[in-house]
Amino acid sequence: MALDEQLLDDPDGLASADPSGSLRALAMAGAQVRMALSATAEAGIQKIVSDGRPRAVVVASLGGSAVVGDVLILLAGSGAPVPVSVRRGLPLPGWVGPLDLVVAVSMSGRAPGPLGLAAEAARRGCRLLTVGAPRSPLAEVSERTGGVHVAVQRNETPAARASRMGLWSLAVPVITVAHELGLTDASHEVLERVADRLDAQADKYRPSSEAFVNPAKSLALELSGVVPVVLGDGDVTGVAALRAVSMLARTARVPAMRGALPDDAGDVVATFDGPLAKRPSADIFADPEFDDAPAASPQMRLLLLRDAAPTLDRPDGSWLETSRTADAVRATAEDAGVRVTEIAADPGHPLERLADLVSITDFASVYMALAGGIDPLTSPHVADLRDRTH
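All figures in this text were calculated on a predicted structure; none of them were measured in a lab.

Right, let's talk about the pairing of strand β3 (residues 101-106) for a bit. Looking along a regular strand, one sees the side chains alternate between the two faces of the sheet. A large share of β3 lies buried, amounting to 6 of its 6 residues. With 6 bridges joining them, β3 and strand β4 (residues 127-132) adopt parallel strand pairing. Looking at β4, one finds that Val-103 is bridged to Leu-129. The handedness of the β3 to β4 crossover, carried by helix α7 (residues 112-123), is right-handed.

Right, here's the structure in full:
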């Protein structure tokens, strides 16, 4: 996909190309965190946390909100005192019952998977937390059966009502309840720092910042016309890679491959001598003035997401192992002629580091869409699919 580089450096042009307000929705990420904290406090979550830890937590989320469950599993970690799992659709596992907490997340409050799982959880007498639009079917299920519903603010731009643009509105209530249950250390103070960091990132990636000093616009240009291979070097970056691939596909319409180290190192480097990684052979008889010249760069580009140096949540040995593997993958890519872009998170809590990486890839995806003449919010083919399956 060829990008209009002049449009990238034209704030008025970007605004005209973005009537749904996708860039504004991303710029409001810090505000999403703060509003979600307030909405969670007002929802009366003590009703479901006062009985202490559940036996297990099951998160029902899919589509644009699917990453919420992955974020919770990341924050709970392998040392979580209770199992945390994600369920995309019916039925609930047979063992789920009154001792367990079911969390159903849907921005519209109408997604069949979370809605059906919430209704089934209520029938089984589970503790129930729902997050989504007020006065929606999901809210009705929760309120009718004694659960707690956290209403998501939906009075902003059309893009702000899209689940993938409202990640923090959906994730913060779930993270807050998990902290109150002793499942994570992502406290109110941590979430306030995340909001501050998202504000700083939004300023850095703002439309009025020119491409040569705007990392998100630079990333959009680097990913133009290639198949990105997004690789994370650990748990935090693995979730960020999953989010990046989803945003590239749904927002910029760019198919991408993703993985996390160390497990996926072999799968990724194996592609370096495949058809997408090889430079096309030049035609010695081609006239560059009239014939299409072969691409000057490989069709594949490795986007390597790197975590910050070790902190209390990452023992030195674990970090060093994945860091060495990431260095080796990068060297292998460069030796094979595969172009590499590397993005690193700044130090901080895992949620802060995740916010760093999510922010830049979110903005880059929207810039790619706008500069490629694509509506970031609406895909006609997704709309067709929805019509044919409902």
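Still more to cover.
Helix α8 (residues 137-144) packs onto α7 with a crossing angle of 10 degrees between their chain directions and a minimal axis gap of 10 Å. One finds that α7 runs roughly parallel with respect to α8. Between α7 and α8, the contacting residues are Pro-114, Leu-115, Ala-118 and Ala-119 on the first element and Pro-137, Leu-138 and Val-141 on the second. Tallied by class, the residues present in the contact of α7 with α8 amount to 7 nonpolar, no polar and no charged.

Mapped onto the secondary structure, Asn-214 falls in the loop between α10 (188-204) and α11 (215-222). Asn-214 gets classed as buried once you look at its relative accessible area, which sits at 0%. Sequence separation between Asn-214 and Lys-204 is 10 residues, and the spatial gap between their C-alpha atoms is 6.6 Å. Look past the residues within four positions of Asn-214 in its chain and what remains in contact with it is Lys-204, Tyr-205, Arg-206, Ser-209 and Tyr-367.

On to the packing of aromatic side chains, then. This model, assessed by the stated rule, comprises 2 aromatic pairs. Of the aromatic side chains, those joined through ring pairs into one cluster are Tyr-205, Phe-363 and Tyr-367.

Considering all chains together, one arrives at 4 cavities of 30 Å³ or more under this definition. For the largest cavity, the calculated volume is near 90 Å³. Residue lining of the largest cavity: 13 residues in total, with Leu-26, Ala-29, Trp-168, Val-358 and Asp-362 positioned closest to the centre. Elements with a contribution of two residues or more to the lining of the largest cavity: α4 (29-42), α9 (167-180) and α15 (350-371). Looking at which element gives the most residues to the lining of the largest cavity, the answer is α15, with 4 residues.

If you look at the biggest cluster of nonpolar residues, it comprises 89 residues, and the most contacted ones within it are Val-33, Val-57, Leu-129, Trp-168, Leu-351 and Leu-354. Element by element, the count of residues in this core is highest for α15, at 13 residues. By size, the runner-up hydrophobic cluster in this structure holds 15 residues, among which are Leu-261, Ala-277, Ala-333 and Val-338.

We now examine α8. Taken together, the buried positions of α8 are occupied by Leu-138, Ala-139, Val-141 and Ser-142. Angularly, the buried residues of α8 cover 160 degrees about the axis, an arc narrow enough to put them on a single face. Facing away from the buried side of α8, by more than 90 degrees, are the exposed residues Glu-143 and Arg-144. Summarising the contacts, the buried residues of α8 are in contact with β3, α7, β4 and β5 (148-151). Gly-146 occupies a position one or two residues after α8 and carries a positive phi of about 85 degrees.

Attention now moves to the pattern of salt bridges. Counted according to the given criterion, the structure contains 17 salt bridges. Where Arg-197 meets Glu-352, a salt bridge forms, and the shortest distance between an N and an O atom there is 3.5 Å. Of the two residues, Arg-197 is situated in helix α10 and Glu-352 in helix α15; the sequence distance between them amounts to 155 residues. The two residues Arg-197 and Glu-352 agree in class, both being buried. Asp-356 is the partner of Arg-197 in a salt bridge, and the nearest nitrogen-oxygen pair spans 2.8 Å.

What counts as what
Residues numbered from 1 in each chain as written. Predicted model: local features only at pLDDT ≥ 70, side-chain atom pairs only at ≥ 80, totals over all residues. Heavy atoms only, no water. Buried < 20%, exposed > 50% of the residue type's maximum accessible area, 1.4 Å probe, protein only. Helix = DSSP H or I, 4+ residues; strand = E, 2+ residues; numbered from the N terminus. Pairing = 2+ DSSP bridges. Right-handed = clockwise from strand over helix to strand, strands pointing away. Axes fitted to C-alpha atoms, helices over the stretch in contact; angles between N-to-C directions. Parallel < 35°, antiparallel > 145°, perpendicular 65-115°, else oblique. Contact = heavy atoms within 4.5 Å. Nonpolar A, V, L, I, M, F, W, Y, C, P; charged D, E, K, R; others polar. Phe/Tyr/Trp six-rings, centres within 6.5 Å; stacked < 30°, edge-to-face > 60°. 1 Å grid on protein atoms, 1.4 Å probe; cavity = no way out; pocket = protein on both sides within 12 Å on 5 of 7 lines; lining within 4 Å. Points joined across faces, edges and corners; volume = space filled by probe spheres on them. Core = buried A, V, L, I, M, F, W, Y, C linked by side-chain atoms within 4.5 Å. Arc of directions from axis to C-beta. Salt bridge = Lys/Arg side-chain N within 4 Å of Asp/Glu carboxyl O.

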